[in-house]
Each structure stands twice: as structure tokens, then as C-alpha cells.
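# Residue-level structural notes
Letter by letter, the chains look like this.
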Amino acid sequence: MLPPDSSIEGVLEQPGGTCSILYTLDPIESITKRITDPRFGAIATFIGTTRNSFQGKVVTKLEYQAYTKLALKTISRIVDDARTQTPDFQAIVQHRIGVVPVGEPSIVIAVSAPHRKEAFQTCEFILEEVKRKAQIWKREYYEGEDESEAEWKSNV
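Note that the structure is a prediction, hence the values are computed from the model and not measured. (Residues numbered from 1 in each chain as written. Predicted model: local features only at pLDDT ≥ 70, side-chain atom pairs only at ≥ 80, totals over all residues. Heavy atoms only, no water.)

## A closer look at the environment of Thr18
Relative to the elements of secondary structure, Thr18 occurs in strand β2 (residues 17-22). Measuring from C-alpha to C-alpha, the distance between Thr18 and Arg34 comes to 9.7 Å, with 16 residues separating the pair along the chain. (Helix = DSSP H or I, 4+ residues; strand = E, 2+ residues; numbered from the N terminus.)

## Observations regarding the nonpolar core
Among the nonpolar cores identified, the biggest contains 31 residues, and Phe89, Ile109, Ile126 and Ile136 are the most heavily contacted of them. Per element, the largest residue contribution to this core is six residues, and it comes from helix α2 (residues 68-82). With seven residues, the next largest nonpolar core counts Leu22, Ile35, Val108 and Ala110 among its residues. (Core = buried A, V, L, I, M, F, W, Y, C linked by side-chain atoms within 4.5 Å. Buried < 20%, exposed > 50% of the residue type's maximum accessible area, 1.4 Å probe, protein only.)

## Focus: the side chain of His95
By secondary structure assignment, the location of His95 is in strand β6 (residues 90-96). In this structure the side chain of His95 is engaged in a polar contact, spanning 3.4 Å, whose partner is the backbone oxygen of Ser106. Apart from the residues within four sequence positions on either side, His95 is in contact with Ser20, Ile21, Leu22, Leu25, Tyr64, Ser106, Ile107, Ile136 and Asn155. (Polar contact = N/O pair within 3.5 Å; in protein donor to acceptor, adjacent residues only side chain to side chain. Contact = heavy atoms within 4.5 Å.)

## Regarding the packing of α2 against helix α3 (residues 116-133)
Packing of α2 against α3 leaves a shortest axis separation of 10 Å and a crossing angle of 145 degrees. When the axes of α2 and α3 are compared, the crossing they make is right-handed. Residue-level contacts link Thr74, Ile75, Ile78, Val79, Asp81 and Ala82 of α2 to Thr122, Phe125, Ile126, Glu129, Val130 and Lys133 of α3. Its residues placed into classes, the contact of α2 with α3 shows seven nonpolar, two polar and three charged. (Axes fitted to C-alpha atoms, helices over the stretch in contact; angles between N-to-C directions. Left-handed = near helix turned anticlockwise from the far one by under 90°. Nonpolar A, V, L, I, M, F, W, Y, C, P; charged D, E, K, R; others polar.)

## Considerations on the state of the cysteines
Tallying each qualifying case throughout the model produces zero disulfides. Left without a disulfide partner, Cys19 is nearest to the cysteine sulfur of Cys123, which lies 13 Å away. For Cys19, a relative accessible area of 1% gives the class buried. (Disulfide = S-S within 2.5 Å.)

## What to know about the layout of surface pockets
Estimated volume of the largest pocket: approximately 240 Å³. Along its surface, the largest pocket is lined by 18 residues, and Thr49, Arg51, Tyr64, Lys131 and Lys138 are the ones closest to its centre. Looking at the lining of the largest pocket residue by residue, the class counts come to seven nonpolar, seven polar and four charged. (1 Å grid on protein atoms, 1.4 Å probe; cavity = no way out; pocket = protein on both sides within 12 Å on 5 of 7 lines; lining within 4 Å. Points joined across faces, edges and corners; volume = space filled by probe spheres on them.)

## Examining the sheet that holds strand β3 (residues 42-49)
What the five strands build is an open sheet, ordered β1-β2-β6-β8-β3; its pairing is mixed. Lying at the two open borders of the sheet, with one neighbouring strand each, are β1 (10-14) and β3. Put simply, the sheet's adjacent strands are angled 5 degrees from each other on average, direction ignored. Examined bridge by bridge, β3 and strand β8 (residues 105-113) share eight bridges and lie antiparallel to one another. Looking at β8, one finds that Gly48 is bridged to Ile107. Across the face of the sheet, helix α1 (residues 28-35) comes into contact with β3, β6 and β8 while running at roughly 150 degrees to β6. Where α2 meets the sheet, it contacts β1, β2 and β6, and its direction lies at approximately 30 degrees from that of β1. (Pairing = 2+ DSSP bridges.)

Quick look at the structure:
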């Protein structure tokens with residue numbers, strides 16, 4: 001496993017979307033503005049935040065690292081795969097790397113599509129596939145536990 005500071009930021013533009021891995025995510029208003037399209041009547045967003053507990057333990061923070069170049073290609077492929085279900089949409093996927101305190105977002109997905117059902121379904125598909133396939137790992141830190149013992153795990 002690479003040390004966390006080896007993760008780098010990256011952006012991959014593609015027709016109908018942008019995939020990014022960043023230390024700081026863009027404001028949601030900026031993201032939705034970039035995918036607003038007069039042909040589309042719906043924008044669905046998902047914002048995943050660091051929660052304060054996991055399996056009965058108090059979470060103090062999360063830390064993410066990524067194999068950025070490969071993760072961006074994987075996320076781009078996921079967005080392309082979503083087009084088999086919804087051919088016409090725009091999407092922005094941003095995933096954070098580095099330390100993410102409780103309450104702060106670690107992932108933002110925004111999808112604009114002709115109708116709400118397509119927007120929601122596409123947003124959910126992208127989320128589940130990113131969690132399952134992207135080369136991004138997280139480390140959870142718990143209250144009262146030595147930080148040096150926190151383990152890296154897949155981002156599922």
C-alpha cells in the first residue's frame with residue numbers, strides 16, 4: 001500500500017462528464033451549474049459524508065488514498081457503462097483524497113438527465129460501481145484507539 005501522501009489530484013474530462021479525485025471538492029452549486037442543460041429536467045445529486053460511528057465505534061475521521069490515474073479511468077468507464085441504461089445524461093463525479101473529518105463530504109455525484117427517474121437511477125448506479133470498482137482506499141480512525149493501528153481497506 002502506498003503512503004497516503006502519494007495520492008495525487010487528477011481530473012479526467014469526457015463527453016458528457018467529468019471525473020475528479022481531489023483534496024478539496026467543489027461546492028455543490030458549482031457542480032450542478034456545470035451539468036445544467038436546457039434539454040434536461042432533472043438533476044440528482046449524492047453527497048457522501050463521513051459519519052461519526054461505525055459498528056458501535058466512534059469515528060473521528062476518515063483518510064482516503066487513490067491510485068489516481070487508474071481510478072479516474074475506472075470511474076470514466078463506469079460513467080460510460082451507465083449510458084447503456086440512460087444514453088443521454090451529464091455527470092460529474094468527485095472523490096476526495098486525504099483526511100476527511102466527520103460531517104464533511106468524501107464523494108459527490110451529480111447527474112442531469114431528461115427525467116428524474118433516469119437521473120436518480122444513473123446517480124445510484126455510478127455510486128455503487130465507484131464504491132465497488134474504483135482504486136480508492138479508506139482508513140477509519142476511532143476514538144480511543146491508537147491511530148497507528150488504523151487499517152486501510154477497500155472503499156465499500
